[in-house]
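# Summary of the model geometry
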Amino acid sequence: MRNFLAKAAVLCWLLGSAAYANDIDNIRIWPAPDNTRVVFDLGTSPDYSYFTLYQAPPYRLVIDFNATKLNVDLAKLQNESLLIKKIRTSTPKDKNSTRIVLELSDKIDAKVFPLAANDRYGERLVIDLPGRSIERRSEALTVEQLQERKVTIAIDAGHGGDDPGSIGPRGTFEKHVVLKIAKALADIINQDSAMQAYLIRSGDYYVGLKDRTRKAEDIKADLLVSIHADAFTSPQPRGASVWVLSTRRANNEMGRMLENKERMSDVLGGVDMRLEEDDTYGYISKTILDLSMGHAMSTGYEMAKEVIAEMGRVARMHKHEPQHASLAVLTSGNVPSMLVETGFISNPQEEQQLLTNKHQQQLARAIYQGVRNYFQRRPPDGTLFATSRSKTHIVRSGESLSVLAQRYNTTVKAIKERNSLSSNVLHIGQKLEIPSS
Ligand SMILES: [Zn+2]
């Protein structure tokens, strides 16, 4: 922010008079599946007005920045949004102002609002355009493609868009690494006939923390797994950890850092707090009143243990038990959730490792295996895990295949097939898998 102020000061001095009180220093366009966000970085808080020209195409949203100079080459802007056909200037109201025109694909009900400066950004003006903004990506399942009888995993790649997450010493953004791991995990899950994955974020854009849990609830996910990479103030700490929701604030430094970092996400990501109905900082106390929360929390804890066991085979673990923190992304009332910190991006070796496809794949497979182990042990009703689950029987004196078939409500043929038996002879102590009927 200091940069912006310095720049503005120099500019005023150069011009001799305060002809321009403000500058547009940068413009970013973030297309997401169901909206596009346009962010203007400004020297000071914006003095603006806007109107639409929707009588006939091209449909235009016109924004006037009063006493503002444009320092951005619009021809060089990266625009992949399906909603914005063109972004250009037009004759301003007066010689000291800037008029920006967005040519839109339709008459879009735009939301225009300022965002105050924070640790990373200066004053901003945000334009949110609702509507499908990116082509359907083949690798991610859509809500319509989800099937009811499969165990559904909502995968949340942390951060995105204006929120880069942690930044490694080599300049690696957490938001990019975790999206790769999330996509690898979704691919592996979607190859499992009993499971399916839904990516809450499938590209480089920000999704509000509450919207992430809301999405997991909407699709009736059996689990929400949020993927992150850790950072610390010094380069030494390393290793992965898995976090679950606690109703109390974290009681160690790492946990408090994680809680604070998560809160910064919505600020950096540009979720306009004033537009949020409910209190962003009071989410825990409210959600905890939900009686189903206890079940979701204990399930999340059990799953986290399975994931830690599998991750320990491919990665160094910073912690060997699930860690507790009060995190907004984990506060769904009925979807068990966990947050996986895949390693420390602030540690040079782990930053390097997290960048490799091999390690990303290994981490994804470990998370998948841990989750799968849990569902195999505790299959949700009606899922393939439940119907294909078999029991184990140890043969005792006097038992025959027909006796067992009758007892377990199955057939001799089914038991023989499941156990690859060529004869009907059983011996005491023999282990048999009994298929469910
Ligand atoms: Zn993170």
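For the structure itself, consult the block above.
A brief look at the structure comes next. (Residues numbered from 1 in each chain as written. Predicted model: local features only at pLDDT ≥ 70, side-chain atom pairs only at ≥ 80, totals over all residues. Heavy atoms only, no water.)

### What to know about the pairing of strand S11 (residues 195-199)
The cut-off we apply is this: The cut-offs for exposure are 20% and 50% of the maximum accessible area for each residue type, with area from a 1.4 Å probe on protein chains only; residues under the lower value are buried, those over the upper are exposed, and the others partly exposed. Secondary structure elements are defined from DSSP: runs of H or I of at least 4 residues count as helices, runs of E of at least 2 residues count as strands, and each element is numbered from the N terminus. Should DSSP find at least two bridges between two strands, the strands are regarded as paired. For a crossover, the right-handed case is the one in which the path from the first strand over the helix to the second runs clockwise, viewed with the strands pointing away from the viewer.
Along S11, five of the five residues are buried, which leaves the element largely enclosed by surrounding structure. Where strand S10 (residues 151-157) meets S11, five bridges bridge the pair, whose relative direction is parallel. Within S11, the residue paired with Val-151 across the bridge is Met-195. Handedness of the crossover joining S10 and S11 through helix H2 (residues 174-190): right-handed.

### Concerning unusual backbone geometry
Of note, the bond from Pro-57 into Pro-58 is cis; its omega dihedral lies within 30 degrees of zero at 0 degrees. In this fold, Pro-58 is placed in the loop between strand S3 (48-53) and strand S4 (59-65). Backbone geometry places His-159, a non-glycine residue, at a positive phi of 65 degrees. On the secondary structure map, His-159 appears in the loop between S10 and H2.

### Description of the layout of surface pockets
The cut-off we apply is this: Grid points spaced at 1 Å and placed over the protein atoms alone form the basis of the search, with a cavity being a set where a 1.4 Å probe fits but cannot get out and a pocket an open set showing protein on both sides within 12 Å along at least five of seven lines. Lining residues have an atom within 4 Å of a point. Grid points are joined across faces, edges and corners, and a volume is the space filled by probe spheres set on the points. Residue polarity is assigned by list, with Asp, Glu, Lys and Arg as charged and Ala, Val, Leu, Ile, Met, Phe, Trp, Tyr, Cys and Pro as nonpolar; anything else, Gly included, falls into the polar class.
Roughly 340 Å³ of volume is contained in the second largest pocket. When grouped by side-chain class, the residues that make up the lining of the second largest pocket number seven nonpolar, three polar and five charged.

### What about the pattern of salt bridges?
When the charged atoms of two side chains lie near each other, side chains of opposite charge can form a pair. What counts is decided by this rule: Throughout this description, the term salt bridge denotes a Lys or Arg side-chain nitrogen within 4 Å of a carboxyl oxygen of Asp or Glu.
One pass over the full model with this rule turns up 20 salt bridges. Between Arg-28 and Asp-41 there is a salt bridge, with the nearest N and O atoms lying 2.3 Å from each other. Of this pair, Arg-28 sits in strand S1 (residues 22-31) while Asp-41 sits in strand S2 (residues 35-42), placing them 13 residues apart in sequence. In this pair, the class of Arg-28 matches that of Asp-41, namely buried. Among the salt bridges present, the one from Arg-124 reaches Asp-162, with a minimum N-O distance of 3.5 Å. Note that Arg-124 is positioned in strand S9 (residues 123-130) and Asp-162 in the loop between S10 and H2, a separation of 38 residues in sequence. The exposure class assigned to Arg-124 is buried, which follows from its relative accessible area of 1%.

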